[in-house]
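Working through the structure, step by step
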Amino acid sequence: MNAEEIRGILEELVDVVEGVVQLRYHSRKTRQLSFQNGRIRNVESGRIAGVGVRVWVNGIWGFSSTTDISKDSIYKTIKEAFNSAKMGEGLKEKVVDRLTTRSKKGVLRVEETRPLEEIPLDEKIELVRKLDENPRKLSNKVASTLARYTEMIDEKVIVTSYGTSVIYKDSKVDAVVYVVASSNGEMETGFSSVGATGGWGELFRRFKPEDMVEEAVKIAVNKLGAKYPEGGVHTVVLHPSLVGVLAHEAIGHTVEADFVLSGSIVKGKIGEKVASELITLVDSPNPQIEKGASGILLVDDEGVDPMEVKVIENGILKSYLHDSESSTIFGVENTGNARAFLYSDEPIIRMRNTYILPGETDPEEIISSTKEGYYLKGLGGGGQADANAEFMFGVMEAWKIENGKLAYPVKEVTISGQAFDVLSSVDMVGNDFMFTLGAGYCGKHQPAKVDAGGPHLRCKVKIGGRK
Amino acid sequence: MTIEDRIMKLLKEKNVDEAEIFIEKERKKRVFFEKNELKTLNQDEYTGVGLRVFLGKKQGFAHTNDLSKIGELVEEAVNLARNSQEDPYVGLPDPEEVEMVEDLYHEDVEKTTLEDTLRLGKHLVEIPRKVDSRISIDSAEIVVSSREKRILNTKGLSLAEKKSTVRYFVMGMAVEGEKVSSFDYRVGGDVKIEGIEDKIKESAESFAKDILKTLGAKTCESFKGSVLLSPDAFSMIFAMPISSLVNAESVQERRSPWVGKLGEKVASDVLTFIDEPRKPSSIFSTSFDREGVPTRKTVIIENGILKTYIYNTYTARKENRKSTGHASGWYRTMPSISVISPSFVSTLPLKKIFEKIDKGIYVRRFSGNANPVSGVFSGTVKGGRFIEKGEETFPLIGTMISGSIFESLKRITAVSEEKEITSFGELPYVLVEDVSVVSK
């Protein structure tokens, strides 16, 4: 059955029960290839497809899914979701009487330069082989290598009882190289990645495979024998990769309306100053901001037309991120942030492309005007943050700044603090801009492909050191 | 014709040398709560198939949940194998006799209705707020599932196992005016319905009481000393990194600093780490691994001495030995390697461990990194408390701990008798000395 035929069935069935109905067919084709230490590790592919049905009755969602894409089976699944929702009737204290939606129609497609499906398997295998092999050519300290390529080709059909009827296609792709360098019994890791929502052209729009190899090797080798940082609060210059992590992980999650409702630190703070006036933070689904940004979204998984959100504007908290229910609770527009990873996942509030807008200062000037501090780049290991915006991130690559110059590399740097305090301490914002989290997935009950970035920033953070 | 028969027939037509079919079938009921309230009632089922094929020494893998497209699945797996490269070590294990682990499946779980699940879920979210109204549940979930896995291969292996589980989590914080406590959570579960209400009650109460203790947190002086890790913090800093260090793939690919350390002292005498995947009635147990190799009790570290690495068939063949039954994964993944049900031999009751601490901290959650390659761990203490003379004195905020996993393993001085279910297994509280604590 093709997408148009599936759309026909979903349109026919969307009114068979009362309540608000969201029908979402989602087929995902995946490919994953990896090499390690000169040998192929895996060549895999997968196809997962099904229809997820959500029915909203008196404030309760019933959710069911089926892998059988026949009219009978989808009908049964809708009935099941409806009956489930009815079961919860009367159990909720605070019920809103409607959902805030904005419908969308049409056939949507995220542009791909050299579409993934047209690239022969051989070429993909060759890419991964080289990503794995080349680090060993660059340094004899490289002890182990691993390279991986992953693609997801998605096709969705979303039909809702409030008028959405779309066919939506996009591709998500990423490549990573991971290096272990070793010397005198010491082992250090380096990592480089690229990711995109788009095709081959978007994947390598900024960094070529050889740039990735060079970066990963450099990071690992520089850490061998490097000093540890001094613990304490320091002036730091953050590379866009960490600005993205800060924007997404430490700030972004606290402004997701579901977290706000359960009491995150920004509850009730709309209109208040929460950051330096140099800071404007945006969460945007728009493909116009940068072709290939991984969080591009043309329609959300509730079938809502998504919009750009200024979360913080010149330091003032302006908006949270919403789905159909939270926007009604707060009495605001639905921002279209509801996303689901697979047909069997329920749409929940997620970010898209989250970034801080560039300012006016040349990044080199930011470093040269810093007498003492650290230059920090890349997320090393998992980043975590809390509802009170307290965060802790490992840093992949770090340099001590002395008298305006990168003096020497340091290793095992972790930074922590309260994200809004950190954003309030920002005194310089670069005029550059980069999305850097495109290879990453955000985890919140289910994965989501997102992107994040920004310019270079100078601020103060706590660095974990060895006492 | 069964799915297996259909695939085998297609494989024969394609002259495939060797193949393995892994089928997974799950039925589940799920109730999800958000912001203290019921949000979603969910029921689902799927059948998924993962197919590995071998053309000579070339391997390909494909998976699907669309049983109407079995032909495409076979086509794709064969195509990938054809395009892959030769590796002398790929291949299937020889079938072995598998003794089934007892009591992993209860029919009453499969028969549990969505209404029953909802009733259990209501307990989970109501109990913490009965303990104290300042508690705010961010989210809570209960999932009742019955799952069947089947595996067969061209060497004549054919196995099936049914498992039932009831799993839950509750996550939230305490809010008092402007004060917001740290996030905390509890996970739990069982293979049966009987007695699950008591378990839920115990978890929900412990979650609530613990989180209240973290309101009004402050910093402490920085020092180097005793750190008591909760089961969850222990899993992050030690249990998971150790599992990666003993993974034969990490060892063979030179990503593990424990290369060549068999028989050497890697931890203090009090640490004995055993993988116990065959305990009856445990949600973590299983009778055979992702390749159909029987699971077994494996002593990995005994009184601080590293005894073995863990293998799947591929890594075992590289060393001309047999798999230890640690192939992990599901229908969507090729067999990788992991510990199945980590278990640590206890040395003291928790009360006695507290008594040993003159000055130290208790770490409820660890939010940070523990890197098994460089050995460095560093991160923020969440829901932490300061301990003086064996008593918790005040809750902590803005506090970090850091050190070397390898050095700290040798400074573990106690492992509790009390265990808690974490997402990584049922784990103890562990006391470590000489950890650097930076606060303020």
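A few points on the structure. Residue numbers run consecutively from 1 along every chain, following the written order of its sequence. To label them, take the chains in the order written and letter them from A, then take the ligands in the order written and number them from 1. The predicted nature of this model means local features are confined to residues of pLDDT at least 70 and side-chain atom pairs, given and counted, to a pLDDT of 80 or more, with totals for whole chains, interfaces and linings taken over all residues. Where side-chain values are given, they derive from all heavy atoms of the structure, hydrogens and water being excluded.

1. A closer look at the overall build of chain B
Put simply, the rule reads: To qualify as a helix, a DSSP run of H or I must reach at least 4 residues; to qualify as a strand, a run of E must reach at least 2; elements of each kind are numbered from the N terminus. For the radius of gyration, the atom set is restricted to C-alpha positions; the globular benchmark scales as 2.2 Å times the number of residues to the power 0.38. In this scheme, a residue with accessible area under 20% of its type's maximum is buried, one over 50% is exposed, and one in between is partly exposed, where area comes from a 1.4 Å probe on protein chains only. Note on contacts: a residue pair qualifies if any of its non-hydrogen atoms lie within 4.5 Å across the two residues. We get accessible surface area from the Shrake-Rupley algorithm with a probe of 1.4 Å; when it comes to residues, only the shown protein chains can shield them. Charged residues are defined narrowly, with Lys and Arg counted positive, Asp and Glu counted negative, and His plus the chain ends left uncounted. Every charge is mapped to an atom, namely NZ of Lys, CZ of Arg, CG of Asp or CD of Glu.
If you tally the helices and strands in chain B, you get 10 helices and 22 strands. Taken against the 2.2 N^0.38 rule, which gives 22 Å for 440 residues, the C-alpha radius of gyration of chain B at 24 Å falls within 12% of a compact globule. Taken over the C-alpha atoms alone, chain B extends approximately 70 × 55 × 35 Å along its principal axes. Burial statistics for chain B: of 440 residues in total, 62% are counted as buried. For chain B, the share of sequence-separated contacts (at least 6 apart) that also reach a separation of at least 24 residues comes to 73%. Summed over its atoms, the accessible surface of chain B is roughly 16,300 Å², and 47% of this surface lies on carbon and sulfur atoms. Of the charged side chains in chain B, 66 are positive and 69 negative; the average position of the first set lies 2 Å away from that of the second.

2. Thoughts on the sheet that holds strand β10 (residues 298-302) of chain B
Residue and element names in this part refer to chain B. Formally: Note on pairing: two strands pair once DSSP finds at least 2 bridges between them.
Spatially, the four strands line up as an open sheet ordered β11-β10-β9-β14, and their pairing is antiparallel. Strand pairing shows two members of the sheet lacking a second neighbour, β11 (305-306) and β14 (342-344), which therefore form its edges. Looking at chain direction, strand β9 (residues 273-275) and β10 are connected through three bridges and run antiparallel. Along β10, the bridge assignment pairs Ile274 with Val299.

3. Here's the deal with the packing of helix α4 (residues 114-131) of chain B against helix α5 (residues 196-212) of chain B
All names here are of chain B. Rules: Note on definitions: angles span 0 to 180 degrees between N-to-C directions of axes, and those axes are lines fitted to C-alpha atoms, for helices only across the stretch in contact. Every angle not falling under 35 degrees, over 145, or within 65 to 115 is termed oblique; those three ranges are roughly parallel, roughly antiparallel and roughly perpendicular. Definitions for this section: a left-handed crossing has its near helix turned counterclockwise from the far helix by less than a right angle. A right-handed crossing has that turn clockwise. Side-chain classes are defined by residue name, with Ala, Val, Leu, Ile, Met, Phe, Trp, Tyr, Cys and Pro counting as nonpolar, Asp, Glu, Lys and Arg as charged, and the others, Gly among them, as polar.
Contact pair α4 / α5: the axes reach a minimum separation of 8 Å and the direction vectors enclose 30°. One way to sum up the angle between α4 and α5 is to call them roughly parallel. For the pair α4 and α5, the crossing hand works out as right-handed. Listed contacts from α5 to Arg119, Leu120, His123, Leu124, Ile127, Pro128 and Val131 of α4 are Ile196, Glu197, Ile200, Lys201, Ala204, Glu205, Phe207, Ala208, Lys209 and Leu212. Split into classes, the residues belonging to the contact of α4 with α5 amount to 11 nonpolar, one polar and five charged.

4. Some remarks on the environment of Glu24(B)
Residue and element names in this part refer to chain B. Spelled out, the test is: Polar contacts, as counted here, are pairs of nitrogen or oxygen atoms within 3.5 Å of one another; within protein the pair requires one atom able to donate a hydrogen and one able to accept it, and residues that are adjacent in sequence qualify only if both atoms are side-chain atoms.
Tracing the sequence through the fold places Glu24 in strand β1 (residues 18-34). On the accessibility criterion, Glu24 (4% relative accessible area) is buried. Along the sequence, Glu24 and Asp87 sit 63 residues apart, while their C-alpha atoms lie 28 Å from each other. In this structure, Glu24 is in contact with Tyr46, Thr47, Gly48, Arg147, Glu148, Trp330 and Tyr331, ignoring residues within four places of it in sequence. Among the polar contacts listed, one links the side chain of Glu24 to the side chain of Tyr46, at a separation of 3.4 Å.

5. Thoughts on helix α2 (residues 70-83) of chain B
The condition that has to hold: Here the expected span of a helix is defined as 1.5 Å times the quantity of residues minus one. Note that the arc is computed from the directions linking the helix axis to the C-beta atoms.
The end-to-end C-alpha separation of α2(B) is 20 Å, in line with the 20 Å expected for 14 residues at 1.5 Å each. What α2(B) keeps buried is the set Ile70(B), Leu73(B), Val74(B), Ala77(B), Val78(B), Leu80(B) and Ala81(B). Down the axis of α2(B), the smallest arc covering the buried residues is 160°, so these residues share one side. The elements touched by buried residues of α2(B) are β1 (20-36), β2 (39-57) and α3 (121-138) of chain A together with α1 (3-13), β2 (37-55) and β3 (58-64) of chain B.

6. Overview of the layout of surface pockets
We apply this condition: Lining residues are those with an atom within 4 Å of a point, where the points come from a 1 Å grid over the protein atoms alone and group into cavities, where a 1.4 Å probe fits but cannot get out, or pockets, open sets with protein on both sides within 12 Å along at least five of seven lines. Grid points are joined across faces, edges and corners, and a volume is the space filled by probe spheres set on the points.
Each pocket or cavity is described by its volume, and for the second largest pocket that value is around 810 Å³. Along the walls of the second largest pocket sit 39 residues, with Ala49(A), Thr66(A), Thr67(A), Asp68(A) and Ile69(A) positioned nearest its centre. At the level of elements, β1, β2, β3 (60-66), α2 (71-87), β5 (142-160) and β6 (165-183) of chain A together with β1 and β2 of chain B are the ones that each hand at least two residues to the lining of the second largest pocket. At five residues, the largest contribution of residues to the lining of the second largest pocket is made by β2(B). Counted by class, the lining of the second largest pocket contains eight nonpolar, 11 polar and 20 charged residues.

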